[in-house]
Each structure stands twice: as C-alpha cells, then as structure tokens.
Amino acid sequence: MANKEHTDTERMEAIVSLCKRKGFIFQSAEIYGGLNGCWDYGPLGADLKRNLKDYWWRKNVQERDDILGMDGSILTHQAVLTASGHVGGFSDPMVDCRVCKKRYRADTIEETPICEAKAQLPKGEDKSCELTEPKDFNLMFQTKMGASADDNDPNAVAYLRPETAQTIFVQFKNVLDSNRIKLPFGIAQIGKAFRNEITPRNFTFRSREFEQMEIEYFCRPEDGLRLTDEWLEKRLAFYDEIGLDKNKLHVLDIPDGERAHYSEKTYDIEYDFPFGQQELEGVAYRGAYDLTKHHEASGKTQEYFDEQTKEKFIPHVVEPSAGCDRTVLALICEAYDEEDLTKEGGKKDIRTVMRFKPAIAPIKVAVLPLLKNKPELVAKAKEVKNLLQPYMTVYYDETAAIGRRYRRQDEVGTPFCVAIDFETLGEEADGELKDTVTIRHRDSMEQERVKIDDLLGWLLPRIH
Ligand code: ATP
C-alpha cells in the first residue's frame, strides 16, 4: 500500500533522491556543478536500462521474423538531415527575458514567468519577465569533422543525430538488398540521439542526450493505417508486460492540424509521471515522406520491386518511436512504493520497495549467508552465488542482520533473496532440509524452501 502522505512533488523528490543514493542515476559531471540535460546511469541504473533495451530487442527483433536490427552511426552527414528537413526545420520556438536573460520554450509557458532579476522588487511592482518575440531555435548539435576542418568549410559540418530514424531510412536499400525480405518488414534500432533542448527538465525526462528505441516498419501504402493501429496495440501491450500500470497509460490521437504535415495518423502514448501526464512514445504513420525525400535528394532509388504484382513503388512507413530514458524513468516511478509496516503501538516502520517486474529488475537475486562469522555458511553461500552468476545478476551480501539485508534489497527492487542458513548445512535436528535454501519474496515477504539442485530451474522462468 503506498504511503499517501507524499504529494507528487514530494514523491518525485523521494525518487530522485533514491536514484542517487542507491546508484541508479547521477547528474553528469556533478562534481563540477553538473552538465545541464545530461545524466549518468550508475551500476543499478545501467543494469535496469540494459534490461529494458534487451527486452525491447527480444520482443521486436529476436522473436519476430519480419524485423531486422541495425546500429547506425551517431555522427550524421549533413545531406541526410538536410533532406529530412531537420537542418531547415527541427526547431522549437524560443523566447528570452530581456532583463534576467533566462530562456524559455515559447510553446510550453502558460503565463509570463517571474523575472529572476526583479525578485527583490517591492510588493505590488511588476516582477514579470520582459520576453522577446519567439524565434526558432534549431535543436541539433553541430560539429566539424576531420583534422583539416576549417571554420568556413561547409563540407566539414556534421551533426549528432537528433533521432535514430534517419539512419534507418538512409540504410533502407542496403538492408533490403542484403536480406531476403519482403514487405511488410521493419528495421529496428536502439541508440543515442541528441537535442539541444531549450529547457531540459523533470529529471531525465527531457534531456539533451538520450536514447531512443525506434522501429521503421515498411509496408504497402494501403496497409499503413491498419498497421498504425496494430502497432499502437502492440506497444501498449509491451508497456503492460514491463510493468507499467494500464490505468496510467493514455493514448492521444493527434488531431488534424497538429500532426506533422506528412502524417495521416499519429498516436502519442503518455504516462502519468508524478510531474504530470507526459509522452513516452509516438506511433506515427509517416507515409512515403522520408524515403521519397532521400530518393530525391540522393538521386539513388529507394523504390521497392514487388515480385508478385511487378509494381515498383516507394514503401510507406509506420514508426513506433520510444524513449529509452523516459521508459526507465516511468519504470522507476511506477516501481517506487513506501509500505507502512508499523505495528500497533510500535515504532514507525516504512518499507521502501521498488516493485520492478523480475525481468526488468537490475539485480535478480541476492545471496545472503545467515551469519558472516560461520565459514561453512559463507562457503556454501559463495557456492550458490557461483552457481547462479553465469545466468543472472547476483548480489552477494554478508554484512548486517538478515532483516536489514532484505530491506536493502527491497529498496533496489531485487525480487528474490536466497538465504543460506543452518538448515542448508543440515545442522538442524533431523537434517531433512540439508542442501535447501530459504527463498524470500520481495513483494509478499513470504518465504519458502527450495533445494539448491532445483534453484536455477526455479529462478530462470521467474526472471525471464
Ligand atoms: P517532446 O514533444 O516531448 O519533445 P517529441 O514529440 O519531440 O517529444 P519524438 O521526436 O517523437 O519526440 O521522439 C520520440 C521519442 O523520443 C519521444 O516519445 C521520447 O520518448 C523520446 N525523446 C524525445 N525527446 C527527448 C528528450 N529531450 N529527452 C528524452 N527523451 C526524448
């Protein structure tokens, strides 16, 4: 049961603080004051993120015959992003305060903000910012390539990609020609993208460096709308499988006039974060827009030849585009729970527990010898750890009382703890429980005994 005393802001603060304390997420270059909009994943965060990416890859590439993976370069040829429209048009409207110089995204401020330089003015005086007219601010990070690159050489310009999608479009033909694959088929990619966001905020939600998990699903024009709806359902099912509450997921059918001009249908999948309902993923039917642009700009045909109908055409595409960091943040927000275990008349006892699904949890199992000063227990526990380690992330801990160690694992979301005790050694009265361990479940806190010989077989299906 969640502790309802926290408001959403307090809940978010508790989550951010746990992320730092336990090593999920740190601010980038924190010891130098931090690099705005950039984050580093600590040991647990790195495992959590990798588990999410592995699960996405397994569901969208490994378990499908019609989707192929790729891993494209981050540095991107300017011609690619000129053709796609990013060089000319990938911008957000920006306004500056003439007085305090603070910068805002014009489309996200609802009322004129309070000016930082006017904060000391007496009561009753106008303290609002004096904003400039909105101007377009291109969100792409530009760089120069090559040792001889001089500042005026336009050919030396390259960009850090603002999305993984364009790398897929410009390799469409190579993937098609190097694989015996027919429409409809997809190309999937997980990788970094960079946007010089005007106002990075809400922890990792809006970052300047982030990862995307994107699929470009190519199809015949007449199948586009149907496949868009099918992909929406698949993506919602995915979020359910990784443990996001269905009631906190919302689908927005983006109305005419608000979609990109080439898109006949776009859905946004949004999640109830503690800081509000915000986008996790976009599922967009992009028509033949991207391939046509590259077909025209490169002069290299992007057409597909249909063997059966003998037609040649540029395929249409449906794009489910998810944010990896945003999904990790949603998983953390969803998992965070404070359970009140206070006994009547007793000391306040709040159990912090991250209720990650086992497949997503950073640590799958903790191995805990009951006592550290009993060499036989420690030796047996290390044997169990070595048995499990090739198959899953195991945490070994022999410090503190067993109850404390269980709570530590609850706080980082470890679904199972394995305790090695005197029964394991066969030192109890009848020795019947020799070579068995206690498994303690994170959510119910219930315990059961399993034979060491059966342990791996017991754990594997539960963490997959
Ligand atoms: P927003 O409206 O929030 O800026 P967007 O509509 O521009 O997002 P897309 O271009 O559709 O985003 O990108 C696809 C996905 O990539 C988003 O749904 C989101 O999960 C992720 N994403 C986009 N921008 C960021 C960012 N600055 N930080 C983290 N994730 C991002």
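A quick note: this is a predicted structure, and the numbers were derived from the prediction, not measured.

Would you mind showing me how to read helix H9 (residues 324-335) here?
Residues lying three or four places apart along an α-helix face the same way, a consequence of the helix completing one turn every 3.6 residues. Across its 12 residues, H9 extends 16 Å between first and last C-alpha, which sits within 8% of the 16 Å expected from 1.5 Å per residue. Counting buried positions along H9 gives 12 out of 12 residues, so the element sits mostly inside the fold. Taken residue by residue, H9 has Cys 324, Asp 325, Arg 326, Thr 327, Val 328, Leu 329, Ala 330, Leu 331, Ile 332, Cys 333, Glu 334 and Ala 335 as its buried positions.

Would you explain the site of the ligand in this entry?
In the vicinity of the ligand, 15 residues are found, and the nearest of them are Glu 197, Arg 206, Ser 207, Glu 279 and Leu 280. Between the ligand and the protein, one listed contact pairs an oxygen atom with a side-chain N or O atom of Arg 206 at 2.8 Å. A distance of 3.0 Å separates an oxygen atom of the ligand from a polar atom in the backbone of Gly 323. Protein chains bury 80% of the 590 Å² of accessible surface belonging to the ligand in isolation. Of the pockets mapped on this structure, the ligand occupies the largest pocket. Within the residue set of the shell around the ligand, elements represented by two or more residues are strand E11 (209-219), strand E14 (276-287) and strand E17 (316-323). The dominant element in the shell around the ligand, judged by the number of residues it contributes, is E14, at 4 residues.

Quick question: what am I supposed to make of the layout of surface pockets here?
Gaps between atoms show up when a probe of the same size as a water molecule is rolled over them. Within this model, the largest pocket holds a volume of roughly 1,600 Å³. Lining the largest pocket are 50 residues; nearest its centre among them are Phe 90, Arg 105, Arg 195, Asp 268 and Glu 279. Elements with a contribution of two residues or more to the lining of the largest pocket: helix H4 (86-89), strand E5 (91-96), E11, strand E13 (265-273), E14, helix H8 (289-298), E17 and H9. Considering each element in turn, the lining of the largest pocket owes the most residues, 7 residues, to E14. When the residues that make up the lining of the largest pocket are grouped by side-chain class, the tally is 12 nonpolar, 17 polar and 21 charged. Both domains that furnish three or more residues to the lining of the largest pocket are identified here as domain 1 (4-90 + 141-332) and domain 2 (92-138). Taken as a whole, the second largest pocket holds about 330 Å³ of empty space. Taken together, 16 residues form the lining of the second largest pocket, with Asn 51, Ala 359, Lys 364, Ile 463 and His 464 sitting closest to its centre. Listing elements by their share of the lining of the second largest pocket, those giving two or more residues are helix H2 (43-62) and helix H13 (452-463). For the lining of the second largest pocket, the leading source of residues is H2, giving 6 residues. Across the lining of the second largest pocket, the residue classes break down as 8 nonpolar, 3 polar and 5 charged. Each of domain 1 (4-90 + 141-332) and domain 3 (363-462) accounts for three or more of the residues forming the lining of the second largest pocket.

Sorry if this is basic, but what is going on with the sheet that holds strand E6 (residues 103-105) here?
Strands in a sheet are paired, the pairing made by backbone hydrogen bonds, and the direction either parallel or antiparallel. Across the sheet, 3 strands lie side by side as E6-E5-E7; this open sheet has antiparallel pairing. Either end of the sheet is taken by a strand with one partner, and the two such strands are E6 and strand E7 (135-138). Shown here is a sheet whose adjacent strand axes are inclined to one another by a mean of 50 degrees, direction ignored. Relative to E6, E5 runs antiparallel, the two being bridged by 3 bridges. The partner of Asp 96 across the bridge, within E6, is Arg 103.

What is the right way to look at the pairing of strand E19 (residues 350-354) in this model?
For a regular strand, the rule is simple: side chains alternate between the two faces of the sheet. With 4 of 5 residues buried, E19 is to be regarded as a mostly interior element. Here 5 bridges tie strand E18 (residues 336-340) to E19, and the two strands are oriented antiparallel to one another. From the neighbouring strand, Glu 338 faces E19, where its bridge partner is Thr 352.

Here is what the cut-offs are and how they apply
- The written sequence of each chain sets the order in which its residues are numbered from 1.
- Totals for whole chains, interfaces and linings use every residue, but because this is a predicted model, local features are given only for residues with pLDDT of at least 70 and side-chain atom pairs only at 80 or more, for both listing and counting.
- Excluded from the side-chain calculation are hydrogens and water; included are all heavy atoms of the structure.
- Under the scheme used here, helices are H or I runs from DSSP no shorter than 4 residues and strands are E runs no shorter than 2 residues, and both carry numbers assigned from the N terminus.
- Multiplying 1.5 Å by the helix residue count minus one yields the expected span of that helix.
- Classification of residues uses two cut-offs on accessible area relative to the type maximum, computed with a 1.4 Å probe and protein chains only: under 20% is buried, over 50% is exposed, and between them is partly exposed.
- Put simply, a residue is near a molecule or strand once any heavy atom of it comes within 4 Å of that molecule or strand.
- Two N or O atoms count as a polar contact when they lie within 3.5 Å, although within protein this holds only if one can serve as hydrogen donor and the other as acceptor, and sequence-adjacent residues are included solely when both atoms are side-chain atoms.
- Method for areas: the Shrake-Rupley scheme with a 1.4 Å probe, in which residue coverage is limited to the protein chains shown.
- Definitions used for this entry: grid spacing 1 Å over protein atoms alone; cavity, a set of points where a 1.4 Å probe fits but cannot get out; pocket, an open set with protein on both sides within 12 Å along at least 5 of 7 lines; lining residue, one with an atom within 4 Å of a point.
- Any molecule with more than half of its atoms within 2 Å of a cavity's or pocket's grid points is regarded as sitting in that cavity or pocket.
- Grid points are joined across faces, edges and corners, and a volume is the space filled by probe spheres set on the points.
- Residues are grouped as follows: nonpolar covers Ala, Val, Leu, Ile, Met, Phe, Trp, Tyr, Cys and Pro; charged covers Asp, Glu, Lys and Arg; every other residue, Gly included, is treated as polar.
- Domain delimitation in this document rests on an assignment produced automatically or drawn from a domain database.
- Note on pairing: two strands pair once DSSP finds at least 2 bridges between them.
- Lines are fitted to the C-alpha atoms to define the axes, a helix being fitted only along its stretch in contact, and any angle between axes, read from their N-to-C directions, falls within 0 to 180 degrees.

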